[in-house]
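Analysis of the macromolecular model
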Amino acid sequence: MPVSKITKKLANFICISMAVVPSLVFADYKLNMTQSVTAVGNDIYNLHMLVLWIVTVVGVIVFGVIIYSLINHRKSKGVMPASFDESSTVEFIWTIIPFIILVGLAVPATKTLLKIEDTSNPDLTIKATGWQWKWEYEYLDNGVRFFSNIDKTSNDARQRNSGTDPYSVKNYLLNVDNPVVVPVNKKIRILTTSNDVIHSWWVPDLAIKRDAIPGYINESWFKAEKIGVYRGQCAELCGQDHGFMPIVVHVVAENDYNEWVVKQKKLAATSAASANKIWSQAELMKRGQEVYSASCAACHQANGQGISGVFPAIAGSKIVTGTLDGHIKIVAKGKPGTAMQAFGTQLSVGDIAAVVTFERNAFGNDTGDVVQPSQISRQASGGLNHE
Amino acid sequence: MSEHHAKPTGITRWLFTTNHKDIGTLYLWFAFIMFFIGGGMAMVIRAELLQPGMQVVDPLFFNTMTTMHGLIMVFGAVMPAMVGFANWMIPMMIGAPDMALPRMNNWSFWILPFAGTMLISTLFMEGGGPAFGWTFYAPLSTTFAPQSTDFFIFAVHLLGFSSIMGAINIIATILNMRAPGMTLMKMPLFVWTWLITAFLLIAVMPVLAGAVTMMLTDRNFGTSFFDAAGGGDPVLFQHVFWFFGHPEVYIMILPAFGIVSHIIPTFARKKLFGYASMVYAVAAIAFLSFIVWAHHMFTVGMPVAGELYFTYATIMIAVPTAVKVFNWTATMWRGSMTFETPMLWAVAFVFLFTIGGFTGLMLGMAPADFQYHDTYFVVAHFHYVLVTGAVFGIIAGAYFWLPKWTGHMYDEKLGKMHFWLSVISVNILFFPQHFLGLAGMPRRIPDYAVQFAEFNFMSSIGGFAFGLSQLLFLYVVIKCIRGGEKATDEVWDNPDGLEWTTPSPAPYHTFETAPEIK
Amino acid sequence: MQSQQQNIANRRLLPRLLLVVVAMFGFGFALAPLYEAFCSAFGINGRFIAIQEGNYDVAARLVQISQVDESRSVTVQFTASRNQNIDWEFRPMENSVSVHPGEIRVVTYYAKNMTDRTVVAQAVPSIVPGQAVKYFNKIECFCFTQQTFKPGESREMPLRFVIDPHLPGKISTLTLAYTLFDTQNRQAVNEKRDVSLVSLAVRSVVPNVPQPY
């Protein structure tokens, strides 16, 4: 690639002429832009380095001149001020030089951009829908579909004054319960849209950032050349828990990917079957607590106290300690016009039964009620998930 | 109007004043207070980000802090400070007795405290204050925003009114009130930059007013400008906002260019290099600012042609900006420099603003922007141009003109201490944020993965130090008002400009008979 | 003291500047129809211009696209989303079809109102890639009008479309996405700014803006 050649030449030039390796720019990935695992990402990285070197050289020259002047042209050295105050030649030269450099920069920028925007002939298309505050993925080619929440360990640790040291959590804030799985060396097209506000799907290693806009659909693509786990985050402010909706992409061998798809389909079938099973109260409470911290705690808080004036408390709530039907209904159907979503379309009937049981018996609510999945009717849950 | 020479006293002097110097003082104090309120919010933000994990505030309040910090600094601190300088200095620089429309001048200031109070009062409303970022993208700011947003909208309207009236006044003053003989191309550069800024203001503040009006009707009257369900588009909001927002950036920086273009020649004891090209460069930057807005939104999914156009147009801004930096450099070259406090700030401005300009060029390249966008790299970039750019320009100007305003020299030793503390801490504060952004830390998040911990810690320490250093500035200003070494009329060593021909402190009324300009 | 002359000059300048301010305020609003015009001309964001019924001359369009290009086939993917988690079932009955440009096809979407109230819903279409927008012609679509569903009511809703054979050769796959909105979240949808004079004015001066549907 010409870009990388220029970069290397420039790098050599700097190293030789200055006899200094600016260690900051080369030290490691924590200082510099992530080097991605896609060809396009490499082009972006090279473009970044090219511009960085150009501005570094320009900076060294300009700042060098200023510093020389600051040191030598001072009154304390007895310098008499010169009297020049313009020069058309000089001014013309230093207008035209930046212009030429910029035109030179526009060439690699254009090339890279055209590559980025070429979404034709994908091998696999995945729709990523942003929700406050999680991602939903739908594989358009095979119907696999799931929600991806921040993992429970991170989510517990990130509660204010949780007492858990973030350093003790593996991949703190960058881990999810259900990662996206894609085959290596395939062109994956990502469609982004949103359920509510604008989000942005960003994975630095894959060099993709694309906004998810409610009502509209956007597309971008990547072709990962290396098997691995790549992590990213929502990049557009989307409300309270904007910082807590990570993205994890597992790039795997094609066989592993196919196995994963089969497994996903089986999982959906079992989940449907579990709707008829009878659960013990302990099982329901355990599962219920997990569902609560993944889906409810963001607003109603881990301690069930809610936030005064914004999110109502679960503890002592009239709905939660009232009739069972009313409670199930608000969980399944949500409350239009508020942040309370209809979880019937997001959670399985088993999970709804568990979380309702949990809420009715936690935070000092002691109704003693046990709710079985069979009590949550298909009609009530509206079920889109695990179908 | 008749008893022109009697200087009223007490609270009524300030409430009813039509004197440009009084109003300038009011603007500057208002900006100073807002600077500390907005700065306090920045301290909350940096305290939460000091280490990973949530310790100080809840995520929603954190978002409120980032939002209010941005709004207050932009609309409450930087813009009013620049208008304050304009009020004080423009009439004195062009030899006019006062602003062209003195009563409107009073009005445009006194709207500000009400607007500011209304904006801050949203913090105490049910549901909390605005938490959608200072860019308030729909639908987070429409369908999903708290009730207090309507107050926020009204506050933005008022702030807009104030700026527009201020701008009209400045244009009228500059075009109509110049002393005989002062042609446009003889005007001091600060006057030039403000003339162009004022035109930017009357062109884009109404567009912002339009944007928030559309928000208001979307929220309350059933329109759907920004709602896809009714045929609107949330992305339209971003276009309208940034059509205002990009020129807004130059509204904040151009007057600072003007201030620095006065300070450097004064302390280099040499005329400003390339006066004409400076004027043309400012005009070119202002023009370009209208046609590059969508570079703030490369990731919304534009057609390739759009992305290419906005890339090309954006990087062209580097040309006039480079010309300005070269001209300042040439002004210093073979001068006879001394480094009093204003000069130190001005030189730091040239260095650090240029760094912000460099990262701006990087951000302008659409493909690379896909990686930089909405990360701390952007945060670092705009703080370099706005803090070490606009704010450093303001502080430089304050030290430069304080002796003229108060009649006393400020404490040089404390001024220098303020400078060195600030310039070191500001770099510890913002430079590591470049690394954070490149390594993948998104902006506007209250907590972060542990690999970002070291640089955030560093940045927070720098932030606290920078915040504390500004208290020293407050002390220096108060000390200078109360007393100190008597300033001469010229103040500095043979400075250029009409303002230095007036006594120090500048009397309540200056240039009641217009001076002759050769 | 201001001289008489300066006073007159100020009074003359003031209304002119105010005019600029008012004009720019208007311009802010004019950006809405301007944006729509740009969107339909260039397919920005894959959006169609405002959702409204009927001003589309099907017959005329069909005459224009008379021949079927048998040599080429295009994959059209369908997908569905529900805004603000509206409690409905909403999905395409087929996930994708392969069509020849110029050939008229019908696909159906299934929708069911799961709530216990009557809901008026609006489906909002969006297409990627953006360049394909103006070549994708909908002859009949449930998105042309708002759809009223009684509690528990379900319906299969048809979409009849034809792809213009002028579709650029490099586009082989396009995706049509519908997002279903509950209009009660947003009232007063149809009597909106489409009636504005600015919008009409822009439409009349900007040529080549294709008809929306």
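Residues numbered from 1 in each chain as written. Chains lettered and ligands numbered in written order. Predicted model: local features only at pLDDT ≥ 70, side-chain atom pairs only at ≥ 80, totals over all residues. Heavy atoms only, no water.

Regarding the interface of chain C and chain A
The extent of an interface is frequently quoted as the accessible surface area lost upon association of the parts. Contacts between chain C and chain A engage 32 residues on the former and 36 residues on the latter. With both sides pooled, the region where chain C packs onto chain A buries about 2600 Å², and carbon together with sulfur makes up 45% of that total. There are one salt bridge connecting chain C and chain A. Asp116(C) is the partner of Lys329(A) in a salt bridge, and the nearest nitrogen-oxygen pair spans 3.2 Å. At the surface where chain C touches chain A, the tally comes to 11 residue pairs in polar contact (both at pLDDT 80 or more). Within the residue set of the side of chain C that touches chain A, elements represented by two or more residues are β1 (74–82), β2 (88–92), β5 (119–128) and β9 (173–182) of chain C. When its residues are assigned to classes, the side of chain C that touches chain A shows 10 nonpolar, 14 polar and eight charged. (Contact = heavy atoms within 4.5 Å. Buried area = accessible area lost by both parts, 1.4 Å probe. Salt bridge = Lys/Arg side-chain N within 4 Å of Asp/Glu carboxyl O. Polar contact = N/O pair within 3.5 Å; in protein donor to acceptor, adjacent residues only side chain to side chain. Helix = DSSP H or I, 4+ residues; strand = E, 2+ residues; numbered from the N terminus. Nonpolar A, V, L, I, M, F, W, Y, C, P; charged D, E, K, R; others polar.)

Considerations on the pairing of strand β4 (residues 104–113) of chain C
All names here are of chain C. Relative to β4, β2 is paired through five bridges, and the arrangement is antiparallel. The partner of tryptophan 88 across the bridge, within β4, is asparagine 113. Note that β4 and strand β8 (residues 154–163) share nine bridges and pair antiparallel. Paired with lysine 112 across the bridge in β8 is serine 154. (Pairing = 2+ DSSP bridges.)

Concerning unusual backbone geometry
Trp133(A) follows Gln132(A) through a cis peptide bond whose omega is 0°. If you trace the backbone, Trp133(A) turns up in the loop between β1 (124–131) and β2 (134–139). Of the consecutive residues Ala138(B) and Pro139(B), the connecting peptide bond is found in the cis state with omega at 0°. Phi at Phe363(A) takes a positive value of approximately 55°, unusual for a residue other than glycine. Looking at where Phe363(A) falls in the secondary structure, it is placed in the loop between α10 (349–361) and α11 (378–381). At Phe511(B), a residue that is not glycine, the phi angle is positive and equals roughly 50°. Position of Phe511(B) among the secondary structure elements: in the segment after α15 (453–482). Judged by relative accessible area, which is 13%, Phe511(B) ranks as buried. (Buried < 20%, exposed > 50% of the residue type's maximum accessible area, 1.4 Å probe, protein only.)

What about the sheet that holds β1(C)?
Residue and element names in this part refer to chain C. Strand order in the open sheet formed by five strands is β3-β1-β9-β5-β7, with mixed pairing between adjacent strands. The sheet is open, and its two borders are formed by β3 (96–99) and β7 (147–149), each paired with just one other strand. Each neighbouring strand pair of the sheet contributes to a mean axis angle of 30°, computed without reference to strand direction. In terms of strand pairing, β1 meets β9 through eight bridges, oriented parallel. Within the sheet, the bridge partner assigned to serine 81 lies in β9 and is threonine 179. (Axes fitted to C-alpha atoms, helices over the stretch in contact; angles between N-to-C directions.)

Observations concerning the side chain of Thr357(A)
When you line up the elements, Thr357(A) lands in helix α10. Every residue in contact with Thr357(A), bar those within four places of it in the chain, is listed here: Leu284(A), Met285(A), Asp369(A), Val370(A) and Val371(A).

Regarding the packing of aromatic side chains
If you walk through the whole model with that rule in mind, you get 78 aromatic pairs over all chains. Note on Tyr384(B) and Phe431(B): the rings are 6.2 Å apart at their centroids and 85° apart in plane angle, and the pair reads as edge-to-face. One end of the pair, Tyr384(B), is in helix α13 (residues 376–406); the other, Phe431(B), is in helix α14 (residues 412–439), with 47 residues separating them in the sequence. Its relative accessible area of 1% is what places Tyr384(B) among the buried residues. Where Phe25(C) meets Phe29(C), the ring centres are 5.3 Å apart and the plane angle is 65°; that geometry is what we call edge-to-face. You can see Phe25(C) and its partner Phe29(C) sitting in helix α1 (residues 4–42), four residues apart, about one turn around the helix. Its relative accessible area of 31% is what places Phe25(C) among the partly exposed residues. Residue placement shows Lys187(A) over the ring face of Trp221(A); its charged tip is 4.3 Å from the ring centre. Directly above the aromatic system of Phe149(C) lies the positively charged group of Arg155(C), at a separation of 4.1 Å from the ring centroid. (Phe/Tyr/Trp six-rings, centres within 6.5 Å; stacked < 30°, edge-to-face > 60°. Lys NZ or Arg CZ within 6 Å of the ring centre and 35° of its normal.)

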